[in-house]
Amino acid sequence: MPGFPDAFRSLSASPFTASDLSIHARKEAGLFKTLLNFRPRMRSEWLSVLTAVYLLLFMNGTFWAKSSVYLKGDGLTLFALGIGLLAAFIALIVTFSAKYLIKPALILLIFAGVAGAWFMDRFGIIIDGEMIRNAMETNQAEAGHLITSAFILHMVLFGILPSLFIAAVDIEHRPILKKVAVNMMIILPCLVVFGLAGLSNSGTFIFNIRQHRDWFRTLNPVFPMASAAGFFIGESKEQTIVVQPLGTDAKVVEEAAAGHRKPRVTVVVVGETARAMNFQLGGYQRETNPELSKRDIVYFTDTSSCGTATAVSVPCMFSVFGRTDYSHAKAMATEDLMDVLAHAGIKTEWWDNNTGDKHVADRIRKTDFFKSNDPRFCSGGECLDQILVDGLDTWLDKVDGDAVLVLHQLGNHGPAYYLRYPSEFGKFLPDCRSVDFDTCTPETITNAYDNALLYTDHILSEVIDKLGSHGDRLDTAMIYMSDHGESLGENGLYLHGAPYLFAPKEQTHVPFVLWTSPGLRLATGIDKPCLSAKADEPHSHDNLFHSVLGLMRVKTSVYDPALDIFAACRSGVSS
């Protein structure tokens, strides 16, 4: 192999002169210029119109399907709707038709529309502000279950390729004043067409919008992007919120002289995505609760959630505000149940195996078990709920005063239901072993979901048994409430997160289980037959705040006995 000097001499002896290299470079530049001439040339207005047509016709499958059903196939009204919306889309997108702005704006609209279409068309969800909040608060493992190979292919074909076309277009721009004039000559007539189309069938449109509140919330990407904007504006305002104290007058009411009673311990299990209609305790035909059915529990059959997503329901159920008065800003600005208990001198703690406590446990001790990577229970950034029970005996052994512990489950979180239970709980087979529901049948999806419920049944029964085994020195109770339900394909809907205004019962009807030890009932006068007699009455997440205070015998000005399930069932006679 020649050394460096030899190589240098070889290069110097090359037959190519500087002139030759210059000619070669000019030829390559000419070839590149020729290739550039093949780029499509287009006025910015026409590119805007093309994008509007693409988004409205191809990225709005859910919207047009609903339109056909709600308008009962009325061809003329559907035509007027299509013409009006196309004119509105063109007017909106032409607004961005300006040099340096048009390409980034159109590509953003394309990606937002393509991603929105996937989730709306595939799962039947509506992308509102709370759904944006769910996405922002999720973790990597949870998000990974939704980013499937099919989703990536969808984004490549319908998002990246059209975006590459937009990027490649050689746009012909006009001088700025002429550009504004031309844009207005398009926008104003389009707005007139939009108005006339709406007025021509105004009665039909108004009636159906009132009857079907979900209809225009599926208009893509308009509603999702407006929701995202509203979410981020709200988030910016919440940065300045100062948390206000709540229930600082709280104190424990003593039925017995100090030192003459056992410590009271309540474990609140916050379920995830469990729907009541699949609970055997509520009449479901399958044995999804074989272990709880053998425990001395009360099951409340008619319980509604505060929201349809974890980011809403969890902070709401621990807040003093009922569902009708609740807002995220209010929850952020006010202390919650865990703070009131702490003010009363009760030990409070939060163990999480989900995506976090949603700020409920900001001011108390908390442990995020889902970050532990314990190989006995965890894989891929997620852990089986057994991890919550593993250390419960040790914790109970150390309790020397009144305490409330919250266990936040991963439960039935989808779409990866099959990852929520160990193999020995795969009772209902075959079960869907994929996060892509298109590869599974409705029966296998339900089988996997029911298996996860079966595992939750086991976890809750373990909690009850561990609490019961400490009855010699503790008076104990367990309250289980799921945060929200789940759709499993009913009416084309999957998962959860539908706006509460028109959410299906599958997403709002949740299981509510209560277990109390005989010692606790005797010490606090809880009448279990009374509770059982009221078990079929309507209950909700609104009851949790006040019922836990009542169960722990906490007196405070923020306690409402009307929402305490125990208040009307205290007799001094245990059962």
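The preceding data block contains the structure.
If you're wondering where the values come from, they're calculated on a predicted model, not measured in any experiment. (Residues numbered from 1 in each chain as written. Predicted model: local features only at pLDDT ≥ 70, side-chain atom pairs only at ≥ 80, totals over all residues. Heavy atoms only, no water.)

Looking only at helices and strands, one finds 22 helices and 16 strands in the protein. Dimensions of the protein along its principal axes, counting C-alpha atoms only, are 105 × 85 × 50 Å. Going through the 575 residues of the protein one by one, you find that 51% of them count as buried. Long-range pairs, those at least 24 residues apart, make up 78% of the contacts in the protein with a sequence separation of at least 6. For the protein, the computed accessible surface area is about 26200 Å², with 63% contributed by carbon and sulfur atoms. Looking at charge distribution, the protein has the averaged site of its 50 positive side-chain charges lying 8 Å from that of its 61 negative ones. (Helix = DSSP H or I, 4+ residues; strand = E, 2+ residues; numbered from the N terminus. Buried < 20%, exposed > 50% of the residue type's maximum accessible area, 1.4 Å probe, protein only. Contact = heavy atoms within 4.5 Å. Areas by Shrake-Rupley, 256 points an atom, 1.4 Å probe, with all protein chains shown as cover. Lys, Arg positive; Asp, Glu negative; His and termini not counted. Charge placed at Lys NZ, Arg CZ, Asp CG, Glu CD.)

The next thing to look at is the packing of aromatic side chains. By the definition in use, this model includes 21 aromatic pairs. With a centroid separation of 6.2 Å and 15 degrees between ring planes, the pair formed by F63 and W215 is classed as stacked. With F63 in helix α4 (residues 61-70) and W215 in the loop between α11 (202-211) and α12 (222-238), this residue pair connects regions lying 152 residues apart in the sequence. Taken together, W118, F119, F123, F151, Y417, F437, Y449 and Y494 form an aromatic cluster joined through their ring pairs. Taking the ring centre of Y449 as reference, the NZ or CZ of R275 above it sits at 6.0 Å. (Phe/Tyr/Trp six-rings, centres within 6.5 Å; stacked < 30°, edge-to-face > 60°. Lys NZ or Arg CZ within 6 Å of the ring centre and 35° of its normal.)

Now for the state of the cysteines. Overall, the coordinates contain four disulfides when judged by the stated rule. In this model C306 forms its disulfide with C316; the gap between the sulfur atoms is 1.8 Å. Handedness here is read from the sign of the S-S torsion; for C306 and C316, about 65 degrees, the answer is right-handed. A residue pair is termed long-range when its members are at least 10 positions apart, and C306 in the loop between β5 (297-304) and α13 (310-317) and C316 in helix α13 qualify at 10 residues. For C316, a relative accessible area of 2% corresponds to the buried category. A sulfur-sulfur distance of 2.1 Å marks the disulfide that ties C432 to C440. Taking the sign of the S-S torsion, 70 degrees for the link of C432 and C440, the bridge is right-handed. The class of C432 is buried, set by a relative accessible area of 4%. (Disulfide = S-S within 2.5 Å.)

Taken together, the eight strands give an open sheet; going across it, the order is β7-β6-β10-β4-β11-β14-β5-β15, and neighbouring strands pair in mixed fashion. Bordering the open sheet on either side are β7 (365-368) and β15 (538-540), each of which pairs with just one other strand. Strand-to-strand twist in this sheet, taken as the mean axis angle between neighbours without regard to direction, amounts to 25 degrees. In the sheet, strand β6 (residues 347-352) pairs with strand β10 (residues 403-408) via six bridges, with the strands oriented parallel. Paired with D352 across the two strands is H408, which belongs to β10. On top of the sheet, helix α22 (residues 542-551) reaches β4 (264-271), β10, β11 (475-482) and β15; it is set at about 180 degrees to β11, its chief contact. (Pairing = 2+ DSSP bridges. Axes fitted to C-alpha atoms, helices over the stretch in contact; angles between N-to-C directions.)

So, on to unusual backbone geometry. Following N220, the chain continues to P221 via a peptide bond in cis, the omega torsion being 5 degrees. Assignment of secondary structure puts P221 in the loop between α11 and α12. The amide bond that connects G414 to the next residue, P415, takes the cis arrangement and shows omega of 5 degrees. Tracing the backbone shows P415 in the loop between β10 and α18 (442-469). With a phi close to 55 degrees, N373 is a non-glycine residue in the positive phi region. Of the residues examined, N373 reaches a relative accessible area of 53% and is grouped as exposed. If you check the backbone angles, N491 has positive phi at about 55 degrees while not being a glycine.

With their axes 11 Å apart at the nearest point, helix α3 (residues 44-58) and helix α6 (residues 102-123) run at an angle of 5 degrees to one another. Regarding the angle of α3 to α6, the classification is roughly parallel. Contacts from S44, L47, S48, T51, Y54 and L55 in α3 reach I102, L106, L109, I110, G113 and V114 in α6. By residue class, the composition of the contact of α3 with α6 is eight nonpolar, four polar and no charged. (Parallel < 35°, antiparallel > 145°, perpendicular 65-115°, else oblique. Nonpolar A, V, L, I, M, F, W, Y, C, P; charged D, E, K, R; others polar.)

Counting 100 residues, the largest nonpolar core has W395 and M478 as its most contacted members. In terms of residue count, the dominant contributor to this core is α18 (12 residues). When near neighbours in sequence (up to four residues on either side) are disregarded, M478 contacts V267, V269, L460, V463, I464, L467, V513, L514 and W515. Among the nonpolar cores identified, the runner-up in size contains 43 residues, and V268, M317, I479 and M481 belong to it. (Core = buried A, V, L, I, M, F, W, Y, C linked by side-chain atoms within 4.5 Å.)

This brings us to the pairing of β10. Most of β10 sits out of view: six of its six residues are buried. With burial as the criterion, each face of β10 is covered, one bearing A403, L405 and L407 and the other bearing V404, V406 and H408. In the sheet, β4 pairs with β10 via six bridges, with the strands oriented parallel. Within β10, the position partnered with V270 by the bridge is H408.

Topologically, H541 is positioned in the loop between β15 and α22. The contact partners of H541, leaving out residues within four places of it in the chain, are S304, S305, C306, S313, M317, M481, S482, D483 and V510.

Quick look at the side chain of E238 now. Mapped onto the secondary structure, E238 falls in helix α12. Notably, E238 is buried but unbridged: the nearest opposite-charge side chain belongs to R133, and the N-O separation is 4.4 Å. Leave out the neighbours within four places in its chain, and E238 touches R133, H328, A329 and M332. (Salt bridge = Lys/Arg side-chain N within 4 Å of Asp/Glu carboxyl O.)

Bear in mind that shape data such as this cannot, by itself, settle questions of function.
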